[in-house]
Amino acid sequence: MPDSQPQPPHSRSGQTETATLLLCGARLTDGRTVDVRLDGRRIEAVGTAGSLTRGAPGVLAAKVDLDGYLLLPAPAEPHAHSDTALTAEDDGPLTYDAQEVQRRATEAALLHLGHGATALRSHVHVGDVQGLDALAAVLQACRSLRGLAELTAVAMPRVLTGVAGADGLAMLRDAVKMGASVVGGCPDADPDPTGYVEAILELASEHGCPVDLHTDGADPARLARLAAMAGGLRPGVTLGPCGGLGRLPSETASRAADQLAAAGVTVVCLPQGGCGAVERRGTAPVRLLRAAGVRVAAGSGALRDVSNPVGRGDPLETAYLLASRYGLRPEDAYDAVSCAARAALGLPEVRVEAGFPAELLAVRGDRLAEALSLAYSRIVVHRGRVVARTSAVREYCNSSAAAGMELPRQGRGEPS
């Protein structure tokens, strides 16, 4: 759970003092051990271990010992479904009661945050039974968590064409006015997929907001039309999970990848499983897409709902699967859930260097491959302060086989 931290005190002049945080003895992926000083939302300085102080006199300062931890840019979650999260065990039809949606959206966001994601994009259904109530509840959860994580919502209407689509389009416009900062949905579910995409892109252009569309990608002709229509739209178009691309013949998939690259769209894959908007499972061919020059990010998708009752919402597990199952280098796999995921959300790049945003994740371990393999203890930093901690202790009973071998152990003493 997020740590409760006091607000910075006020000086005698009435000005709010800036809090600084000193992260000591952290290991970086290049092997260096460093101190990192954070000043508000930015990394102020990075120096060799022991070289930095807590900052100027009179400034509120805190120190965190990161000996034994690997310090990384914080991951982001580019594809969540907060309105349906944590409902796998519910009896009966899914409830869209506003208070219940807000509760599970808040709990889901905190689970993502505890795993390290300091930014999250949630796809929320609008129209039909839920109307705009689910979106209002998710937006309220976003506001209540401000300062802990940066949360945004994608409005997803079911139908946008024909007679039924008129209501969906009106509701989508209302959703944007309410605060949905991204428009999207699943064109494959509309009787006229091309018309659906045209409506989304027109509204996005009118309001200057990003587009995030669900598609399986199994129809190469439809995907080519979508890419051609989306090409050049600013601030950008994201597609996902595109698992159907992996089921196409390699030559057909390669052509599709080239078209996506030329259009400049981002593909968000879901290695942990699918989501409710796309029925078929499978993961996009990430190596083929990357080789073609497509920007590829990775998300979690369903978090313990009917689409994936064991979904964890853990970006490090997503990166682990990209490395272990789909052959990416650990560095590229982690980039897909951190730098590439942040770029997909329109957020600035993060590096562990002076001047970059203070969005960081410390994970127990010496190397990135080890962190992705184990990923037990974690410390999450958002806007320059610690917002979540997870601590794990591993204990073993005494064993004569281990005596004298000097094996690494963690514990609080001998077990009783």
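Above this text sits the structure in question.
The sections below set out a description of the structure shown in this document. (Residues numbered from 1 in each chain as written. Predicted model: local features only at pLDDT ≥ 70, side-chain atom pairs only at ≥ 80, totals over all residues. Heavy atoms only, no water.)

1. Focus: the environment of V387
Rules: Only DSSP runs of H or I reaching four residues or more are called helices, and only runs of E reaching two or more are called strands; each is numbered from the N terminus. For every residue, the accessible area (1.4 Å probe, protein chains only) is compared with the maximum for its type, and the residue is labelled buried under 20%, exposed over 50%, or partly exposed between those bounds.
Here V387 shows up in strand β16 (residues 385-390). Taking relative accessible area as the criterion, V387 reaches 0% and is therefore assigned buried.

2. Observations concerning the environment of C142
We apply this condition: Throughout, a contact is declared for two residues whenever any of their heavy atoms are within 4.5 Å.
As for its placement among the helices and strands, C142 is situated in helix α2 (residues 133-144). Sequence spacing of C142 and Q102 is 40 residues, and the spatial spacing of their C-alpha atoms is 9.1 Å. Excluding its chain neighbours within four sequence positions, the residues that come into contact with C142 are L151 and T152.

3. Let's talk about the packing of helix α1 (residues 98-115) against α2
Going by this rule: Here, axes are lines fitted to C-alpha atoms. For helices the fit covers the stretch in contact, and angles between N-to-C directions go from 0 to 180 degrees. Throughout, the term roughly parallel applies to angles under 35 degrees, roughly antiparallel to angles over 145, roughly perpendicular to angles from 65 to 115, and oblique to all others. Here a crossing is taken to be left-handed if its near helix is turned anticlockwise relative to the far helix by less than a right angle, and right-handed if that turn runs clockwise. Asp, Glu, Lys and Arg are counted as charged, while Ala, Val, Leu, Ile, Met, Phe, Trp, Tyr, Cys and Pro are counted as nonpolar; the rest, among them Gly, fall into the polar class.
One way to put it is that α1 packs onto α2 with a least axis distance of 8 Å and a crossing angle of 45 degrees. Classified by the angle their axes make, α1 and α2 are oblique. Once α1 is placed against α2, the crossing between them reads as right-handed. Contacts from A98, V101, Q102, A105 and T106 of α1 reach α2 at A134, A137, V138, Q140, A141 and S144. The residue makeup of the contact of α1 with α2, split by class, is seven nonpolar, four polar and no charged.

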